[in-house]
Amino acid sequence: MTSPIKIDIWSDIACPWCYIGKRHLEGGLAALGDDAPEVEIEYHSFELAPDTPVDFEGSEVDFLAGHKGIPVEQARMMIDRVTGVAAQAGLDYDYDALQHTKTLKAHELLHFAKEQGKQLELSERLFRAYFTEGRDVGRTDELVELAAEVGLDADAAREALESGRYGTAVRADIAQAGAYGIRGVPFFVFEGKYGVSGAQPAEVFSQVLTQVAGERDGAAA
């Protein structure tokens, strides 16, 4: 009995391509059907915009234009494009409702959830809350509610966030990303040796998974 294929994913809750990439990976696995290998997925922290204020006032266009210096029309085109790609992946992005915020606390909560065996459930819940429901994932009260929705203890989640004790784990993930040369997310690492950058099509993930599984079978033969 072989162990699952390990997939480490660097992502940010506020990264639209990360949610799309998550769906494409899931689609790549599903496309393999009965031939799909067992996988173990672990999410790692990456802050795309660490200087983002928690209480940012304004729309995503305002953020991209004012905070990142991207021309307004170009920012609107970028949002329209990613919204269209998301729709093709079955995701209903609502940029009118989206509340741009700093994601540090969300990453800390994901590390807490990992210890409780709920990281995958919380990752999905945070993405949906941010991109489709307009929830504020920078606020502790909101994060505690979302944690409880996936079965985490609300009081323990609040203590984890208020203590800041998972900040070290977040920084370690970001440092590891730097060591790997990761400059943007999503970034997928298979078995610690194969890197896939960006929200690649589902068939790319199917091919990588098939290749990795085949190499393991060959090595075991």
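Scoring rules and cut-offs
Residues numbered from 1 in each chain as written. Predicted model: local features only at pLDDT ≥ 70, side-chain atom pairs only at ≥ 80, totals over all residues. Heavy atoms only, no water. Phe/Tyr/Trp six-rings, centres within 6.5 Å; stacked < 30°, edge-to-face > 60°. Helix = DSSP H or I, 4+ residues; strand = E, 2+ residues; numbered from the N terminus. Buried < 20%, exposed > 50% of the residue type's maximum accessible area, 1.4 Å probe, protein only. Axes fitted to C-alpha atoms, helices over the stretch in contact; angles between N-to-C directions. Parallel < 35°, antiparallel > 145°, perpendicular 65-115°, else oblique. Left-handed = near helix turned anticlockwise from the far one by under 90°. Contact = heavy atoms within 4.5 Å. Nonpolar A, V, L, I, M, F, W, Y, C, P; charged D, E, K, R; others polar. Pairing = 2+ DSSP bridges. Salt bridge = Lys/Arg side-chain N within 4 Å of Asp/Glu carboxyl O. Core = buried A, V, L, I, M, F, W, Y, C linked by side-chain atoms within 4.5 Å.

Undergrad: Tell me what's going on with the packing of aromatic side chains, and back it up with residues and numbers.
TA: In this structure the tally under the stated criterion is twelve aromatic pairs. Where tyrosine 95 meets phenylalanine 131, the ring centres are 6.4 Å apart and the plane angle is 70 degrees; that geometry is what we call edge-to-face. Of this pair, tyrosine 95 sits in the loop between helix H3 (72-88) and helix H4 (104-115) while phenylalanine 131 is found in helix H5 (residues 119-131), placing the two residues 36 residues apart along the sequence. Each member of the pair, tyrosine 95 as well as phenylalanine 131, carries the same accessibility label: buried. Arranged with centres 4.7 Å apart and planes meeting at 65 degrees, the rings of phenylalanine 188 and phenylalanine 205 form a pair that is edge-to-face. Here phenylalanine 205 lies in helix H9 (residues 202-220) and phenylalanine 188 lies in strand E3 (residues 187-190), a separation of 17 residues in the sequence. Taken together through their ring pairs, the aromatic side chains of Tyr19, Tyr93, Tyr95, Phe127, Tyr130 and Phe131 make up a single cluster.

Undergrad: Got a sec to walk through unusual backbone geometry? Specific residues and values, please.
TA: Cis geometry marks the peptide bond from valine 185 to proline 186; its omega dihedral reads 10 degrees. Note that proline 186 resides in the loop between helix H8 (167-180) and E3.

Undergrad: I'd like a rundown of the packing of helix H2 (residues 60-67) against H3, residues and numbers included.
TA: Two elements in contact, H2 and H3, have axes whose closest approach is 9 Å; the angle formed by their N-to-C orientations is 135 degrees. Taken together, the axes of H2 and H3 are oblique relative to one another. The crossing of H2 and H3 is right-handed. Facing H2, whose interface residues are Glu60, Val61, Leu64 and Ala65, H3 presents Val72, Ala75, Arg76 and Ile79. Residues belonging to the contact of H2 with H3 are distributed by class as follows: six nonpolar, no polar and two charged.

Undergrad: Account for the sheet that holds strand E2 (residues 39-45), naming residues and giving values.
TA: Strand order in the open sheet formed by four strands is E2-E1-E3-E4, and the pairing between neighbours is mixed. Edge positions in the sheet fall to E2 and strand E4 (194-197), since each of these pairs with one other strand and no more. Across the sheet, the mean angle separating the axes of adjacent strands is 20 degrees when strand polarity is ignored. Both E3 and E4 contribute to a ladder of four bridges, which runs antiparallel. Pairing of valine 189 across the sheet is with glycine 195, part of E4.

Undergrad: Break down the pattern of salt bridges for me, with residues and values.
TA: Tallied over the full model, the rule gives 23 salt bridges. Note that arginine 139 is salt-bridged to aspartate 55, the shortest N-O span being 2.8 Å. Placement of arginine 139 in the loop between H5 and helix H6 (140-149) and of aspartate 55 in the loop between E2 and H2 is noted, with a sequence separation of 84 residues between them. One salt bridge connects arginine 216 with glutamate 191, and the closest N-O pair in it is separated by 3.1 Å. Of this pair, arginine 216 sits in helix H9 while glutamate 191 sits in the loop between E3 and E4, placing them 25 residues apart in sequence.

Undergrad: So, the nonpolar core: which residues are in play, and what are the values?
TA: Membership of the largest hydrophobic core comes to 49 residues, with the highest contact counts inside it found for Ile13, Tyr93, Leu109, Leu122, Leu126, Phe131 and Val137. For this core, the secondary-structure elements that each account for two or more residues are helix H1 (16-31), H2, H3, H4, H5, H6, helix H7 (154-163) and E3. Of all the elements, H5 adds the most residues to this core, at six residues. Ignoring sequence-local partners within four residues, the contact set of isoleucine 13 consists of Ala106, His107, Leu110, Ser123, Leu126, Phe127, Tyr130, Phe131 and Val137.

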